[in-house]
Each structure stands twice: as C-alpha cells, then as structure tokens.
Amino acid sequence: MTVTAIPVTDHIGLEITGLSGYQLADRRVADDLRAALDRYGVVIYRDAHIDDDALVALSRLLGEVVVAPFGGEKSHPEVSAITRDPAKSVLAAYREGTFFWHIDGATDAIPQLATLLTALEVATDGGGTEFANTFAAYVALSDAERAELETLRVVHSFAHAQSLANPDPTDRERAAWAKVPTRVHPLVWTRKNGRKSLLIGATAAQVVGMSADESRALLDRLLEWSTQSRFALRHQWRPGDLVVWDNTGMLHRAQHYEVSSRRLMHRTTLVGEEAVA
C-alpha cells in the first residue's frame, strides 16, 4: 500500500495512511513522526492496527516511555487501558475528567512530552477526541496581549480539574485529589527553541495575583480562544486508528460516551523532556 500524508487543517493535524502494525516500529518512521509532531501537533495513522508490542516499540524509538503507576497492562506495564468500564481499568472513575480540555501532566514540573493512543473498540455514540493547538492560538493573539500574558503565572490543580466533572465530591474523593500537589507555571510556556504556547486547560485554577472572578474570566476567555475551530480538529475513531500528539502544546478532550460504552483504547505516554519556563 502506498503511504500518503495529508494535512488536516492549516494549523493542526496530519493524517497518514498506508502504515500498520510493526511497520510503525521503525527508526525512520519515528524520526518522521517527531518532525511531524513539531509541525502539525497531532498525527493520525488511519487503520494502523498496532498491537501492544509494536506500540511500545514505537514509543521507545520516540523517547523515554512512562511506566504506568496504576492500571498498566500485565504484559506491557507501559500500556494503559482507557475506558470507563471499571472491570477493565482501576482508573475508570477518573475518565469523566477527560471530557474537559486539558494538557496531561500540567501539575508536574516537566509535563509529559507526547501521547500515543490506539483504538481497540470504539463507541457507538460519542467518544471522539478533540485537539486544539495552543502554539497557533498564542501566535494569533495581538502583540500587546502576548506581552501582557507573558508576565502571568497560573496555579495548576488536579483537584480543580476533577471538580469540573464531579462538583460535589465526597470527603474521600477530596482527600484523594489533594494527594496530587499543585504547581505554579507561567501562563506562556517558552521553549528553548523559542516557540511559545499557552499552558491552560482544566487544571488551570487561578492566575496568581488576580481576584477569583478576574482570573476565571481570563482563563475561560483564553480557553475559548484557543479551542475555536481554526485551531482545532475533531477525530472520529475507527478501530485500529493510532493518534499521536504533542502533549505540551495540544489541548485535548474526549467527547462524552457512556459508562456502558464498549470504547477501549490503549495508551502509551512519553516522559517530558523540557521543564516549563
């Protein structure tokens, strides 16, 4: 099969067909993928049908792979099952939080570099994944607004993100959330190569030095700006699809699907390589 690569939009997404299985666990494919992530943010391999062996092998070619602290597959501890079915994942109860725009690892000093997600089973209703490019969103702001935002810092909180999905938690749930420390990051993340993006999303709880109302208004406005259609894409899954995204600059969220849905994904995650600055 011929390999084709077609940009999805001007600002985000590259869709590739013609590669599948262990063809993806290749040094040249991994190098091309790293370059495509820098350019497009999200890379979609249609009908990849990649198994866990090949998924882990490709992930290791891309960088250091996170070993899941909870819920990793027995034969592949780097692989996490993404599902709302508690029989298939000990973390199923937390998946409602993925329905809100977020960046993984935003409460860490070094957020996770990238995520690889492949569809084993898809939802019959909902369950798509949306992405938004905060590099492009930042560049499109006015010079004055960019200069103002670069002076601000934001408190990121796992508890705040979870409260969006569960606004009336039990004491036990609050205690579990509190075990994840908060983190203060610059609102604008400046990379060593000079690229800049907005570090926002569900974990963004409070702008340092602002009132609660002023802070919330700014963060909500920036989220709405960054997720408008020109910076975003929506991926409708087919069984076998593999999607890889630059977690440091792409917001993402799952479209709602029911607890009873058969939707099942396998995920690997790459260790972050650059602290927020």
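These remarks concern the structure in this document. (Residues numbered from 1 in each chain as written. Predicted model: local features only at pLDDT ≥ 70, side-chain atom pairs only at ≥ 80, totals over all residues. Heavy atoms only, no water.)

## A closer look at the overall build of the protein chain
Looking only at helices and strands, the protein chain features seven helices and 15 strands. Computed over C-alpha atoms, the radius of gyration of the protein chain comes to 18 Å, within 12% of the 19 Å expected from 2.2 N^0.38 for 277 residues, which places it in the range of a compact globule. Along the longest, intermediate and shortest principal axes, the C-alpha atoms of the protein chain span 55 × 45 × 35 Å. Relative to its 277 residues, the protein chain shows a buried fraction of 51%. Just so you have it, the protein chain exposes about 13100 Å², and 51% of that area is on carbon and sulfur atoms. Positive and negative side-chain charges of the protein chain, numbering 29 and 36 respectively, have mean locations separated by a distance of 1 Å. (Helix = DSSP H or I, 4+ residues; strand = E, 2+ residues; numbered from the N terminus. Rg over C-alpha atoms; globule rule 2.2 N^0.38 Å. Buried < 20%, exposed > 50% of the residue type's maximum accessible area, 1.4 Å probe, protein only. Areas by Shrake-Rupley, 256 points an atom, 1.4 Å probe, with all protein chains shown as cover. Lys, Arg positive; Asp, Glu negative; His and termini not counted. Charge placed at Lys NZ, Arg CZ, Asp CG, Glu CD.)

## Concerning the sheet that holds strand β5 (residues 114–121)
Within the open sheet, the seven strands sit side by side as β1-β2-β3-β13-β5-β15-β4. Their pairing is mixed. Edge positions in the sheet fall to β1 (4–7) and β4 (80–82), since each has one partner strand and no second. Averaged over all adjacent pairs, the angle separating strand axes in this sheet is 20 degrees, with direction ignored. Summarising the sheet, β4 and strand β15 (residues 264–270) pair through three bridges and their orientation is antiparallel. Among the inter-strand pairings, Ile82 is bridged to a residue of β15, identified as Met265. Contacts between helix α2 (residues 52–62) and the sheet are confined to β5, β13 (242–246) and β15, with β15 contributing the most and set at about 25 degrees to the helix. (Pairing = 2+ DSSP bridges. Axes fitted to C-alpha atoms, helices over the stretch in contact; angles between N-to-C directions. Contact = heavy atoms within 4.5 Å.)

## Structural notes on the sheet that holds strand β12 (residues 232–235)
The three strands are arranged β12-β6-β14 in an open sheet whose pairing can be described as antiparallel. Each of the sheet's edge strands pairs with one partner strand only, and the pair in question is β12 and β14 (250–254). Ignoring strand direction, the axes of neighbouring strands in this sheet form an average angle of 15 degrees.

## Considerations on α2
The complete set of buried residues in α2 reads Asp52, Ala54, Leu55, Val56, Leu58, Ser59 and Leu62. Of the surrounding secondary structure, the elements contacted by the buried residues of α2 are α1 (27–40), β5, β13 and β15. In this structure Asp51 caps α2, since a side-chain oxygen of it lies 3.2 Å from the backbone nitrogen of Asp53. (Polar contact = N/O pair within 3.5 Å; in protein donor to acceptor, adjacent residues only side chain to side chain.)

## Points about helix α5 (residues 158–165)
Spacing of three or four residues puts side chains on the same side of an α-helix, whose turn is 3.6 residues. Residues His160, Ala161 and Gln162 constitute the buried set of α5. Of the surrounding elements, those touching the buried residues of α5 are α6 (171–178), β11 (204–207) and α7 (212–226). The N-cap of α5, judged by a side-chain oxygen 3.2 Å from the amide nitrogen of Ala159 a few residues on, is Ser157.

## With respect to the pairing of β13
Within β13, five of the five residues are buried, which leaves it mostly tucked inside the rest of the structure. Side chains Leu242, Val244 and Asp246 of β13 all project onto a buried face; the interleaved residues Val243 and Trp245 project onto the opposite face, where all are buried too. With five bridges connecting them, β5 and β13 associate as antiparallel partners. Note that in β13 the partner of Thr115 across the bridge is Trp245.

## Regarding the pattern of salt bridges
Taken as a whole, this structure holds 12 salt bridges when the rule is applied. One salt bridge connects Asp241 with Arg46, and the closest N-O pair in it is separated by 2.5 Å. Here Asp241, found in the loop between β12 and β13, pairs with Arg46, found in the loop between β3 (42–45) and α2; they are 195 residues apart in sequence, far enough to count as distant. Residue Asp241 is classed as buried on the basis of its relative accessible area, which comes to 0%. Arg46 sits in the buried class, given a relative accessible area of 12%. The closest approach of N and O atoms between Arg60 and Glu78, which form a salt bridge, is 2.5 Å. (Salt bridge = Lys/Arg side-chain N within 4 Å of Asp/Glu carboxyl O.)

## Quick notes on the environment of Thr4
Within the secondary structure, Thr4 sits in strand β1. When sequence neighbours within four positions are dropped, the list of residues in contact with Thr4 reads Glu15, Ile16 and Thr17. A distance of 2.5 Å separates the side chain of Thr4 from the side chain of Thr17, its partner in a polar contact.

These figures capture arrangement, not role.
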